[in-house]
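In case you want the letters, here they are:
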Amino acid sequence: MDNSILNKIFDEIDVAKKILIVSHVNPDGDTLGTMCALKLFLKQKADILIQTDAKIGIPDTYKFLPAINEAKNLDNIEDIYDLIIAVDVASIDRIVRKARIIFDNAKMTINIDHHKTNNGYAKLNWVVGDASSAGEVLFNIFKEKNIQITKDMADCLYVSILTDTGCFRYENTKSETLEIAAQLIKLGVNNSDIAKKCYNNKTKNLVLFQSSVISKTEFLFNNKVAVVLINESDLNKFDATNEYTEGIAETLRTIKTVEISAVLKESNNQTTKVSLRSDNVDVCEVVKRFNGGGHIHAAGCTIKKPLKIAKELLVCEIERCLNL
């Protein structure tokens, strides 16, 4: 990539008076770990915005991240920033309306990401489509600019890489990814402890919720496609937050016959959030129809239709892409 762009990014960071670092909506370990690492580098010059409302708050799994307790949410954010940095935000529609207004009003916007579908929506874009995670992208930025990575920054970057590679199981894990993880461990990361916090720290309600919705899985096309529908009553029964749905698609993908797993969550009566996973199929091709994006084997979209209609549209597109 053109290092002149990276130099411009740091020039803008230097002159900015107040910076806002923005996650994508329904934040995961990658966006949260990356934004916290960047916040620790920028210190008091920057705030972090986690795109959830006050009721949902920070996902429980990631409350141990350094600096995350300083995060703002959509209910207490102000339009006072001259520079906005979006991290791990694949497309502009992953920034919701209130945050989007702040983004659009800023003098300068920067986009740091690793999604191959990212179309470069900011004024300055640093998108590395073959990186495992936004955390890997930021680690390499820090190395390129000779920025010292502290223990806390290393913890944040490790969480990012660990979670977006599925504990280094997914094919986005390259030799470089493992070398970066090793460097972070040398900086003091307790890899075993972080893995436990990210994966072995579930609430009883979360496990019961996932068991309940997975038990209703519909298998299609000779068990090649697994589809789970999550409606508001499912969520209300277990007082479930957005993070409760994380990992369901991955679980279904482990079934031997399944080529595509799909989780569809009712957002309101007219909108459905979709998450797709696959081992051998480019699910980006499926979500393109709905202006979605992501990676070859992990993608998502929003279908502006009720849950059952959204399912019918999605299944038709999966059938077309699989030539079933």
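Above this note sits the structure.
It should be emphasised that the depicted structure is a prediction, and the values quoted were computed from it without experimental measurement.

Draft legend 1. The environment of Asp130, seen in detail. Within the secondary structure, Asp130 sits in the loop between strand S5 (124-127) and helix H4 (134-144). Judged by its relative accessible area of 57%, Asp130 falls in the exposed class. Separated by 42 residues in the primary sequence, Asp130 and Asn172 place their C-alpha atoms 7.6 Å from one another.

Draft legend 2. Fine view of the sheet that holds strand S6 (residues 218-220). One open sheet accounts for six strands, arranged S6-S7-S8-S9-S11-S10; its pairing is mixed. Across the chains shown, the open sheet's two edge strands, defined by having one partner strand only, are S6 and strand S10 (293-294). Relative to the sheet, helix H12 (residues 307-322) contacts S6, strand S7 (225-230), strand S8 (260-268), strand S9 (271-278) and strand S11 (298-303), its axis offset from that of S8 by approximately 155 degrees.

Draft legend 3. Here's a closer look at the pairing of S9. Buried residues dominate S9, accounting for six of its eight residues. Relative to S9, S8 is paired through eight bridges, and the arrangement is antiparallel. Residue pairing in the sheet places Ala262 in a bridge with Leu276 of S9. Alignment of S9 against S11, held across six bridges, turns out to be antiparallel.

Draft legend 4. Highlighting the side chain of Glu243. For Glu243, the location among the structural elements is in the loop between helix H9 (232-237) and helix H10 (248-253). Salt bridges are absent for the buried Glu243, whose nearest opposite-charge side chain, Lys63, sits at 7.0 Å. Within the local environment of Glu243, its side chain forms a polar contact with the backbone nitrogen of Asp60, the two atoms lying 2.7 Å apart. Side chain to side chain, Glu243 and Thr61 meet in a polar contact 3.2 Å long.

Draft legend 5. Just the packing of helix H2 (residues 29-42) against H4, in detail. Remark: H2 packs on H4, axes separated minimally by 8 Å, with the N-to-C direction vectors making an angle of 25 degrees. Between H2 and H4, the crossing angle belongs to the class labelled roughly parallel. Residues Asp30, Thr34, Ala37, Leu38 and Phe41 of H2 lie in contact with H4, whose contacting residues are Ala134, Gly135, Leu138 and Phe142. Per-class residue counts for the contact of H2 with H4 are six nonpolar, two polar and one charged.

Conventions used here
Going along each chain's sequence as written, the residues are numbered from 1 onward. The predicted nature of this model means local features are confined to residues of pLDDT at least 70 and side-chain atom pairs, given and counted, to a pLDDT of 80 or more, with totals for whole chains, interfaces and linings taken over all residues. With hydrogens and water stripped out, all remaining heavy atoms of the structure feed into the side-chain values. By definition, any uninterrupted DSSP run of H or I lasting at least four residues is a helix, any uninterrupted run of E lasting at least two residues is a strand, and each is numbered from the N terminus. Summary of the burial criterion: residues with accessible area below 20% of their type's maximum are buried, those above 50% are exposed, and those between are partly exposed, where the area comes from a 1.4 Å probe applied to protein chains only. Pairing between strands is defined by DSSP: at least two bridges between them are needed. Throughout, a residue-residue contact means that at least one pair of heavy atoms, one from each residue, lies within 4.5 Å. All axes here are fitted lines through C-alpha atoms, helices being fitted over the stretch that makes contact, and every angle between N-to-C directions spans 0 to 180 degrees. Residues scored as positive are Lys and Arg, those scored as negative are Asp and Glu, and His as well as the terminal groups of each chain are ignored. Salt-bridge detection follows one rule: a side-chain nitrogen of Lys or Arg within 4 Å of a carboxyl oxygen of Asp or Glu. The term polar contact refers here to a pair of N or O atoms within 3.5 Å; inside protein, the definition further demands a hydrogen-donor-capable atom paired with an acceptor-capable atom, and it admits residues adjacent in sequence only when both atoms are side-chain atoms. Any angle from 65 to 115 degrees is called roughly perpendicular, while one under 35 is roughly parallel, one over 145 is roughly antiparallel, and all others are oblique. Residue type decides the class: Asp, Glu, Lys and Arg count as charged, Ala, Val, Leu, Ile, Met, Phe, Trp, Tyr, Cys and Pro as nonpolar, and the leftover types, Gly among them, as polar.

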